[in-house]
Amino acid sequence: MQHTRDGLTWHTFSILEPYPELRHGYFTRAGGSSGPARDELNLAFADERDPVENVLANIDRARAVLGLPAPAFVRQTHGADISVVMPAHNYHPRSPEEVRYGFDAMIAPEPDVSLLIKVADCQGVLLYDPVSRILGLAHSGWRGSVQNIIAATVVKMTRYGAVPQRMLAAVAPSLGPCCAEFVHHAKELPPRFTDHMVSENHFDFWAISREQLTGCGIRPANIEIAGICTKCSPEFFSYRGGDQWGRFGIMAGVSQEHFE
Ligand SMILES: [Zn+2]
């Protein structure tokens, strides 16, 4: 579902809408403070071309329209390490120097923590167990797919009590099979991924993620894939589409006030 408020446009996953305690959304590029080069809602610290105050203002506008507290976020490095964000050790970076380095997923085992993953062609994957109310967000580009960061995140969530059979999974807009061309796939991708080669050198990473999610025990009916290709859609930042620095975001948090 698409939403618009205060100049921002974001989407929610229908599979998550029955759970009002979970506030979430993935944002289009519209409505931020960043200049034309980043047009407009860039949510990632990058370099001097988008001042830190612009990025912080954009993050704050995004979390405000979702009704979430300031989000934790990390410096994503295409690895498979996961940061566990507890309320007592929550962190809200206010400058690039404060950003923790080397994590590509975060989990929030307890409520009142919000999480932000930034992407432009890579997948933002939201995982939620509505019974234990444990939340996870992962950044899975092709390197993340190769390392199966999805499974690593699900396993980490189970350590806190999440159960894959009741988990919901949603994949934000990302590079579609139309545009996921990997001419060096023989070197970069494992042979099993060729099951998902849909045309010469083009891979369906949405199908790969679906397989990784069901491989964890998540039910097919509990998986929603936005199915929007970021390179084809002008709504979202796309690295392959020419946005070298701009990143959109998927943000989520579980609110204690909805608990019984
Ligand atoms: Zn495409």
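Residues numbered from 1 in each chain as written. Predicted model: local features only at pLDDT ≥ 70, side-chain atom pairs only at ≥ 80, totals over all residues. Heavy atoms only, no water.

Trainee: Could you give an account of the coordination of the zinc ion, naming the residues involved and the relevant values?
Mentor: Protein coordination at the zinc ion comes from Cys178 (SG), Cys179 (SG), Cys229 (SG) and Cys232 (SG), with a distance range of 2.3 to 2.4 Å. Considering all 4 donor atoms around the zinc ion, the spread of angles at the metal, 103 to 115 degrees, places the coordination shape in the tetrahedral class. If you list the donors of the zinc ion from N- to C-terminus, the spacing comes out as C-C-x49-C-x2-C. Separated by 53 residues along the polypeptide, Cys179 in the loop between strand E10 (168–171) and helix H4 (185–188) and Cys232 in the loop between strand E13 (223–225) and strand E14 (248–254) bring together distant segments of the chain. Here Cys179 falls in the buried class, since its relative accessible area comes to 14%. (Donors = N, O, S within 2.8 Å, 3.2 Å for Na, K, Ca; no water. Tetrahedral: all angles 85-135°; square planar, octahedral: opposite > 155°, others 65-115°. Helix = DSSP H or I, 4+ residues; strand = E, 2+ residues; numbered from the N terminus. Buried < 20%, exposed > 50% of the residue type's maximum accessible area, 1.4 Å probe, protein only.)

Trainee: Kindly report on the nonpolar core, identifying the contributing residues and their values.
Mentor: In terms of nonpolar packing, the biggest core is built from 32 residues, with Leu127, Met157, Met167, Phe205, Leu213 and Ile218 touching the most fellow members. Listing elements by their share of this core, those giving two or more residues are strand E6 (105–108), strand E8 (123–129), strand E9 (134–140), helix H3 (149–158), E10, helix H5 (205–215) and E13. The element that contributes the greatest number of residues to this core is H3, accounting for 5 residues. Discounting residues that sit within four places of it in the chain, Ile218 has contacts with Leu127, Val154, Pro164, Met167, Ala169, Leu213 and Ile223. Listed in part, the 30 residues of the second largest apolar core include Ile15, Met106, Cys122 and Ala172. (Core = buried A, V, L, I, M, F, W, Y, C linked by side-chain atoms within 4.5 Å. Contact = heavy atoms within 4.5 Å.)

Trainee: Lay out the sheet that holds E14 in plain terms, naming residues and giving numbers.
Mentor: Spatially, the 6 strands line up as an open sheet ordered E1-E2-E3-E14-E7-E4, and their pairing is mixed. Each edge of the sheet is formed by a strand with only one pairing partner; in this case those strands are strand E1 (2–5) and strand E4 (71–72). As defined by bridge partners, strand E2 (residues 8–11) adjoins strand E3 (residues 22–27) across 2 bridges and the pair is classed as antiparallel. Looking at the pairing, His11 lines up with Tyr26 of E3. (Pairing = 2+ DSSP bridges.)

Trainee: Give me the lowdown on the packing of aromatic side chains, citing residues and values where you can.
Mentor: For the structure shown, the criterion picks out 11 aromatic pairs. Ring centres 6.0 Å apart and planes at 85 degrees place the aromatic pair Phe193 and Phe205 in the edge-to-face group. Remark: Phe205 occurs in helix H5 and Phe193 occurs in the loop between H4 and strand E11 (197–199); sequence separation between them is 12 residues. Neither Phe193 nor Phe205 differs from the other in exposure class; each is buried. Pairing Phe203 with Phe205 gives two aromatic rings, centres 6.4 Å apart and planes at 50 degrees, and the pair type is tilted. Judged by relative accessible area, which is 0%, Phe203 ranks as buried. Over the ring of Tyr91 we find Arg100; its NZ or CZ atom is 3.6 Å from the centre of that ring. (Phe/Tyr/Trp six-rings, centres within 6.5 Å; stacked < 30°, edge-to-face > 60°. Lys NZ or Arg CZ within 6 Å of the ring centre and 35° of its normal.)

Trainee: Break down unusual backbone geometry for me, citing the residues and quoting the values.
Mentor: With a phi close to 105 degrees, Asp121 is a non-glycine residue in the positive phi region. One non-glycine residue with positive phi stands out, namely Arg133, at about 60 degrees. On the basis of relative accessibility, which here comes to 19%, the residue Arg133 falls in the buried class.

Trainee: Quick one: what's the story with the sheet that holds E9, residue by residue and with numbers?
Mentor: Spatially, E5-E6-E9-E8-E10-E13 is the arrangement adopted by the 6 strands of the open sheet, whose pairing is mixed. The sheet terminates laterally at strand E5 (82–84) and E13, the two strands that pair on one side only. The mean angle between the axes of side-by-side strands here comes to 15 degrees, regardless of whether they run parallel or antiparallel. Pairing geometry for E8 and E9, over 7 bridges, is antiparallel. Along E9, the bridge assignment pairs Leu127 with Gly136. Contacts from H3 reach E5, E6, E8 and E9 within the one sheet, and its direction differs from that of E9 by about 160 degrees. Sheet strands touched by H5: E8, E10 and E13. Its angle to E13, the strand with the most contacts, is close to 165 degrees. (Axes fitted to C-alpha atoms, helices over the stretch in contact; angles between N-to-C directions.)

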